[in-house]
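Topology and contacts: notes
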Amino acid sequence: MKSYCISIVGTGYVGLCTAVAFATKGYQAITSTHDKQKSASINKGIPPFYELNLQETLQKVVRDGHLECTLKRQEAILNTDITFIAVATPSKPDGSIDLQHIENAAKEVGQALNKKDTYHLVVVKSTVVPGTTENVVKPILEKYSCAHCGVDFGLCMNPEFLREGSALHDALNPDRIIIGEHDQKSGDGLEVFYRDFYAEKMPPLIRTNLPTAELIKYASNAFLATKISFINTVANICEKIPGADVTMVAKGIGLDKRIGPLFLNAGLGYGGSCFPKDVKALIAHSKTLGYAPDLLEAVENVNETQLYKAVQLCRNLLIDLKGKNIAILGLAFKPNIDDIREARSILIINQLLKEGANIIAYDPVAILKAKSIFKNKIKYASSSIECLKGADCCILVTEWEEFKKLKPEDFTKNMRQTILIDGRRVYNPEEFSKKLKFAAIGLGPGNLKSTANKP
Ligand code: UDX
């Protein structure tokens, strides 16, 4: 095994988890940021965000001297063989991609390369719209380095497919490696690196050109988002059909190998830092190319309206929301993380507040982040039971494991009116509807036979 020295620009989910993954194999990983506090914290082994197993692993690799975070980006680049650019690519207000961080990163890498006289490989890991690596990153690198791409330095686009909550595991066990290459030497360099890194666990590898690699990332996220909006559409149809249940429909279609069982959980729609942003960016980019992708617009529209199903179901059972106490279980955009970016909970709570409801919310780890948004407009509970106390209705928004363990009695004993909206299909409708007024996404009329559900 060769011992590579790698620099990583960006210390977000992708940058830090990728760096930690490389360091676990004994490579020398140098991450860099301009944020002094962040750098100090990473060097103490404390990640700036919550991610399963990250803290323990970061502490180990820092202790073993395999990972450091520096404020001196240029030095990091000069002392390494490969630089991965993993900075954020947020959306502009019109949905199109904001490339300012990529441009700044490319400039700094170019300035460093100007001082380097040996070959260096630059790898774009950030999600960027097709054409960005060739038409934005490359010219900036060449301008500031005064060097030639493909000769003095190499350039690849290597998208990541990390999921928050299992980012480290995903970095160590990817389904595939995609290498978009500017030229053969660049691609060869990155392939050799990954073959060394994954050794006998090397996943399938695809080598292609830069724009195709860039599009593979968008197409992956757009396809997964499409699966979710598709099953939510089926859920909405189920709700009109007596006896139909979307969870069984998903099971039934998921057994078809051509469809597969994953990403068919109906619910309140997708959130997070990727799907909403990437679907929007792909739509906006396609439009600049003269093509309006109707399918993706529909995917987005379904997602935008799906979350209001929770409010609608609540209204159906409570009639008037004004002055009613509503308990929200789950704030994070998915379980096992503290990230509330584009979380459905935010829009649901805003709508309920608009309709005059009083909100009390609980999440195992995301309360702190939610406080920065809602401040004292809502109340925060320190446990699910405390959240349910005195509530007229409870909406399950994020399917944390601890919420799945709640029994009908936990609701009946603590709530003022026992109304439960299952926004993520975690509860058994038969069991729960016997003891409380129960409604769930994708459940047709007639599934709930108990008297508790009669108005
Ligand atoms: C996603 C991609 O999975 C990952 O490959 C990419 O690199 C980044 O974007 P992430 O945003 O971390 O990862 O979360 P993911 O697990 O994909 O879930 C995204 C959203 O979809 C969540 O809000 C989740 O609740 C929702 N979802 C997921 C559903 O509503 N139904 C499903 O069946 C699956």
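Residues numbered from 1 in each chain as written. Predicted model: local features only at pLDDT ≥ 70, side-chain atom pairs only at ≥ 80, totals over all residues. Heavy atoms only, no water.

1. Section: the domain arrangement of the protein
Examined at the domain level, the protein breaks down into domain 1 (5–208) and domain 2 (242–455). Computed over C-alpha atoms, the centres of domain 1 and domain 2 are 35 Å apart. Together, the buried faces of domain 1 and domain 2 total about 1,200 Å²; carbon and sulfur atoms form 57% of this surface. Between domain 1 and domain 2 we count 1 salt bridge in total. If you look at where domain 1 meets domain 2, you find 6 residue pairs in polar contact (both at pLDDT 80 or more). (Domains from an automatic or database assignment. Buried area = accessible area lost by both parts, 1.4 Å probe. Salt bridge = Lys/Arg side-chain N within 4 Å of Asp/Glu carboxyl O. Polar contact = N/O pair within 3.5 Å; in protein donor to acceptor, adjacent residues only side chain to side chain.)

2. Considering helix α12 (residues 294–306)
If you check α12, its first and last C-alpha atoms are 18 Å apart, about what 13 residues at 1.5 Å a residue would give, namely 18 Å. When we look at burial in α12, the residues that qualify are L296, V299, E300, V302, N303 and Q306. Viewed end-on, α12 has its buried residues packed into an arc of 160°, placing them on one side of the element. Opposite its buried face, α12 presents the exposed residues D294 and T305, each directed more than 90 degrees away. On its buried face, α12 sits against α9 (210–238), α11 (275–288), α13 (308–318) and α14 (344–354). (Helix = DSSP H or I, 4+ residues; strand = E, 2+ residues; numbered from the N terminus. Expected span 1.5 Å × (residues − 1). Buried < 20%, exposed > 50% of the residue type's maximum accessible area, 1.4 Å probe, protein only. Arc of directions from axis to C-beta. Contact = heavy atoms within 4.5 Å.)

3. Focus on the sheet that holds strand β7 (residues 177–181)
Strands belonging to one sheet form pairs held by backbone hydrogen bonds; the direction of such a pair is parallel or antiparallel. In space, the 8 strands of this open sheet follow the order β3-β2-β1-β4-β5-β6-β7-β8, with mixed pairing throughout. Taken across any chain shown, the strands that pair with only one partner, and hence form the sheet edges, are β3 (67–70) and β8 (205–209). Between one strand axis and the next, the sheet turns through 25° on average, direction left out of account. Bridge count between strand β4 (residues 82–85) and strand β5 (residues 120–124): 4 bridges; the pairing is parallel. Each bridged residue has a counterpart across the sheet, and for T83 the counterpart in β5 is V122. Seen against the sheet, helix α6 (residues 132–145) touches β5 and β6 (153–157) and runs at an angle of roughly 155° to β6. On the sheet, helix α8 (residues 184–198) packs against β1 (5–9), β4, β5, β6, β7 and β8 and is oriented at approximately 160° with respect to β7. (Pairing = 2+ DSSP bridges. Axes fitted to C-alpha atoms, helices over the stretch in contact; angles between N-to-C directions.)

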